[in-house]
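Structural features, examined
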Amino acid sequence: MKTIIKNGTVITAGDSILQDILIEGGVIKALGKNFPEYGCNIIDAKGKYIMPGGIDAHTHLDMPFGGTVSSDDFFTGHKAAAFGGTTCHIDFALQSKGETLKKGVQDWKARAKDKAAVDYSFHIAVTDPTQETIDEIPSLKDEGVTSLKVFLAYKGVFQVDDTAFMSTMNKAAESGMLTMVHAENGDAIAVKTKELLNAGKTDMKYHSVAHSEAIEAEAINRAVSFVEITGAPLYIVHIASGNGIEAVRKGRRKGLPVMGETCVQYLFITDEALDQEGFEGAKYICSPPPKKEEDKKAIWEGLTDNTLQTIATDHCPFWFDGTKEGRTPGKELGKASWDKVPNGVPGIEDRFPMTWHGAVNSGKITPNKFVELISTNPAKIFGMYPKKGTIAVGSDADIVVFDPNKKHTISAETHHMNVDYNLYEGTTVTGWPEKVLVRGKLLVDGEKWLGEAGFGEFVFRNTHNDII
Ligand SMILES: [Zn+2]
């Protein structure tokens, strides 16, 4: 079956052109005008923007953490992603201690396979960096996995030392793969946490003190230095600190292959959200936590001057009240103290419309720059371009028909994420994904869900990682 999307303005990272799209066999067959319509599905997109589907390069669906599991699995998370204009994401498979990286990847593939409704891929988190693990890195290409993550935080759980960090970077670079890093200083967090708890400081706001701006910036500075030392490319995930961004900027000015990601929550939320009466602040506990107004400003600057290349979510939702029937334990695990609150926030559905609203409607960035940050850059950096991340002949027909005038009020009552709160509750955005297609199949039509579990495919990624 062929589909024609006509009369819309096609927006890519490079251009905005009024043209029609002919889709056949799940891919874009042609771009142009006056395609013969006989026997085709017709989507009339007059007055609408046609953009490549969003790609969220940082999510944690169905992830075990702190004695529970994130509340969206690969079906609910995918349905929510699609409603929010995201058609592909890269989640994190975890290596278990004593197991191979390959085993981690295969476990996560099994979690996703029958549930997936949009397309997905995996990074692998290196948590047990023995010599065997390091030697195994190049073979992950056979699994379609070309990016690895190490943690400089979560001491005693995921944290690796500088030797392991450096060995991973070197080995990955040798095989054309990309290392990613969670840059917060885990030792400093552990010391601060102990001090705070010993002083009886258990309110939610102390999470921000234990994960301070300086603790994040120290690790980012160190990570950038490691790029200089090794020459290996590095992608720093979820940057929230102004001094961290400055370190990345300095590194890039020296020509170092270092790239930076921020997340949608850091564009809108500050540490004041954690400093509220009662337990409310737990909703905003994630690592790193959102920082001060000046850090928020630095992030916006980092996006406009190309210090940061992508906007992801770090989507890792936990119920605010996980005690209700049918729910997994959630934020309430930390009622007594901030350090027991599962770390993570929801956002996979909100990223595309919130960023458009905050960045494009305000005139901070152009629609083309928006597409670059939300879709094209993640596809290029992680070896999926031009299959994903653009609207071009031969690309997968992953398409958002976006109504730039539609107003929508974001609420947990109406969102599709499997979680009982929304970080942007009550925010009215202008511009909303009206129709969403994955490989030519219409999954979202207004309020209607037409997708199904098992339709989503694993994206086997190339080793060619563009340094952007
Ligand atoms: Zn994460």
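Since the structure is predicted, the reported quantities are computational estimates derived from the model, not experimental observations.

Focus on helix α1 (residues 76-83)
The α-helix advances 3.6 residues per turn, and as a result positions three or four apart in sequence lie on the same side. The buried count for α1 comes to eight of eight residues, which makes it a mostly enclosed element. Among the residues of α1, T76, G77, H78, K79, A80, A81, A82 and F83 are the ones counted as buried. Residues of α1 that are buried make contact with β8 (54-59), β11 (86-94), β19 (428-438), β20 (441-445) and β21 (448-449).

As for unusual backbone geometry
Trans is the prevailing form of peptide bonds, just as negative phi is the prevailing case for residues other than glycine. For the bond running from S287 to P288, omega is -5 degrees, close enough to zero to count as cis. Within the secondary structure, P288 is located in the loop between α9 (264-268) and α10 (293-304). Cis geometry marks the peptide bond from Y385 to P386; its omega dihedral reads 0 degrees. A positive phi angle, close to 70 degrees, is found at N7, a residue other than glycine. You can see N7 is positioned in the loop between β1 (2-6) and β2 (9-11). The exposure class of N7 is partly exposed, given the 17 C-beta atoms found within 10 Å. Although it is not a glycine, N306 sits at a positive phi angle of roughly 70 degrees.

Some thoughts on helix α2 (residues 101-113)
Taking 1.5 Å of rise per residue, 13 residues should cover 18 Å, and α2 covers 18 Å from first to last C-alpha, within 8% of that figure. Taken together, the buried positions of α2 are occupied by L101, G104, V105, W108 and A112. The arc enclosing the buried residues of α2, seen along the axis, measures out at 95 degrees, which places them on a common side. On the buried face of α2, the contacting elements are β11, β12 (119-125) and α3 (131-136).

Regarding the nonpolar core
If you look at the biggest cluster of nonpolar residues, it comprises 138 residues, and the most contacted ones within it are I50, I124, I220 and I236. The greatest single-element share of this core, amounting to eight residues, is contributed by helix α7 (residues 213-230). Apart from residues lying up to four places away in sequence, I236 is in contact with V181, A183, I220, A223, V248, V258, G260 and E261.

Reading the values: the criteria
Residues numbered from 1 in each chain as written. Predicted model: local features only at pLDDT ≥ 70, side-chain atom pairs only at ≥ 80, totals over all residues. Buried ≥ 20, exposed ≤ 12 C-beta atoms within 10 Å, placed from the backbone. Helix = DSSP H or I, 4+ residues; strand = E, 2+ residues; numbered from the N terminus. Contact = placed C-beta atoms within 7 Å. Expected span 1.5 Å × (residues − 1). Arc of directions from axis to C-beta. Core = buried A, V, L, I, M, F, W, Y, C linked by C-beta atoms within 7 Å.

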